[in-house]
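# Topology and contacts: notes
For reference, the chains in residue letters:
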Amino acid sequence: MSTIRYFCKLSQLGLLGLVYISLPVSAQSANFGAELHGSWVINDELSDNTDDQVEEAIEAGGGKGGRGLFNRKEDFYRGGPPEHELYDRISYDDVLQIDFEGPEFQFTYEDNYRRVFHIDGRRRRASANDFYAEGGEDWSSGLIEGDSLVVEARPRDGGFTIETYTLIDNGVRLRIEMLIQPDSFREPIELVRIFDRAE
């Protein structure tokens, strides 16, 4: 079973948050975090087309895609309610700045959208009652698994994402394998995006 499928199963069972235990960040994890540090730009030729993958998930769930044969506008499915912003950022934005100061990662996307998470196993502090009473907020947590960073996110809509970040081609490219499950989708979006390291 692939790493992303394993973590997806844990997430669906509600167990992923429970398997995190507070551990110091190892030297190997710190080194890997430092290797991810930098600016990354999408490689459209090597990446999946996000709209195609979203439409595939819609149709797999019994829905009908909205683009048709002649409406091939770029980023057709981007947008929607504010609670879907994290999905849009990870699946459509063309630039990504990764900063790492162990145990904290900061991912900065277009329009200065920031996402901060940790790899030391810390748990979310808010209770479920707080989440629903306050409207929720996007939350992410990560861990280093072998030669990859695996990130679980809980966006505001109540869905989840599992993302696996792996350096390829001697570290000049970043492969991101994503399983994106908005709460309103019956089937997940499976997407691979490849980024080139910016000079």
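The paragraphs below set out a description of the structure included in this document. Predicted, not measured: the structure shown is a model, and the values here were computed from it.

## Digging into the overall build of the protein chain
Secondary structure assignment for the protein chain yields six helices and nine strands. Of all 199 residues assigned to the protein chain, the portion counted as buried reaches 45%. Long-range pairs, those at least 24 residues apart, make up 54% of the contacts in the protein chain between residues at least 6 apart in sequence. Total accessible area computed for the protein chain in this model is approximately 10,800 Å², and 47% of it derives from carbon and sulfur atoms.

## Concerning the pairing of strand β6 (residues 148-154)
Counting buried positions over the seven residues of β6 gives six, a clear majority of the element. One ladder, built from seven bridges, connects strand β5 (residues 139-145) with β6; its direction is antiparallel. Of the residues in β6, the one forming a bridge with S141 is E152. With antiparallel pairing between neighbouring strands as the criterion, β5 and β6 make up a hairpin whose turn holds two residues, including G146 at a positive phi of roughly 65 degrees.

## A look at the pairing of strand β8 (residues 173-181)
Where a strand is regular, its side chains alternate between the two sheet faces. Pairing of strand β7 (residues 160-168) with β8 involves nine bridges; the strand directions are antiparallel. The residue of β8 that forms the bridge with T161 is I180. Hairpin remark: β7 followed by β8, antiparallel, with four residues in the connecting loop; positive phi at D169, about 50 degrees. Strand direction decides the pairing type here: β8 and strand β9 (residues 189-197), joined by eight bridges, are antiparallel. What sits directly across from I180, in β9, is I189.

## So, the packing of aromatic side chains
By the definition in use, this model includes eight aromatic pairs. Relative to Y165, the ring of F107 has its centre 5.3 Å away and its plane inclined at 70 degrees; by these criteria the two rings are edge-to-face. Linking F107 in strand β3 (residues 104-108) with Y165 in strand β7, this pair joins segments that are 58 residues apart in sequence. For the pair shown, F107 and Y165 are each scored as buried. Through successive ring pairs, a cluster of aromatic residues spans F100, F105, F107, Y109, Y113, F117 and Y165.

## So, the nonpolar core
One finds L96, F105, F107, L149, Y165 and L174 to be the most contacted residues of the largest nonpolar core, which totals 34 residues. Beyond its immediate stretch of four places on either side in the chain, L149 contacts F32, L36, F105, F107, F117, I119, L143, I144, E163, T164 and Y165. Membership of the second largest hydrophobic core comes to five residues, among which are L143, V150, F160 and L179.

## Details of the side chain of S148
Inspection of the secondary structure puts S148 in strand β6. Discounting residues that sit within four places of it in the chain, S148 has contacts with F32, L143, T164, Y165 and T166.

## Considerations on helix α3 (residues 27-36)
Within α3 the residues assigned to the buried category are S29, F32, G33 and L36. What you see down the axis of α3 is that its buried residues fit within an arc of 100 degrees, all on one side. With its phi angle positive at about 140 degrees, G38 sits one or two positions after the end of α3.

Conventions adopted
What you see as residue numbers is a count from 1 along each chain, following the sequence as written. Given that the model is predicted, a residue must reach a pLDDT of at least 70 before its local features are reported, and side-chain atom pairs must reach 80 or more before they are shown or counted; all residues, however, enter totals for whole chains, interfaces and linings. With hydrogens and water stripped out, all remaining heavy atoms of the structure feed into the side-chain values. Numbering of helices and strands runs from the N terminus; a helix is a DSSP stretch of H or I covering at least four residues, while a strand is a stretch of E covering at least two. Remark: exposure states derive from per-residue accessible area (1.4 Å probe, protein chains only) relative to the maximum for the residue type, with buried under 20%, exposed over 50%, and partly exposed in between. Whether two residues are in contact is decided by their heavy atoms: any pair within 4.5 Å suffices. Per-residue and other accessible areas follow the Shrake-Rupley method at a 1.4 Å probe size, with only the shown protein chains counted as cover for residues. Two strands qualify as a pair provided that DSSP identifies no fewer than 2 bridges between them. Stacked, edge-to-face and tilted labels apply to pairs of Phe, Tyr and Trp rings (six-membered ring for Trp) whose centres lie within 6.5 Å, assigned for plane angles under 30 degrees, over 60, and everything in between, in that order. Put simply, a nonpolar core is a bunch of buried Ala, Val, Leu, Ile, Met, Phe, Trp, Tyr and Cys residues held in one set by side-chain atoms that sit within 4.5 Å of each other. What the arc covers is the set of directions going from the helix axis to the C-beta atoms.

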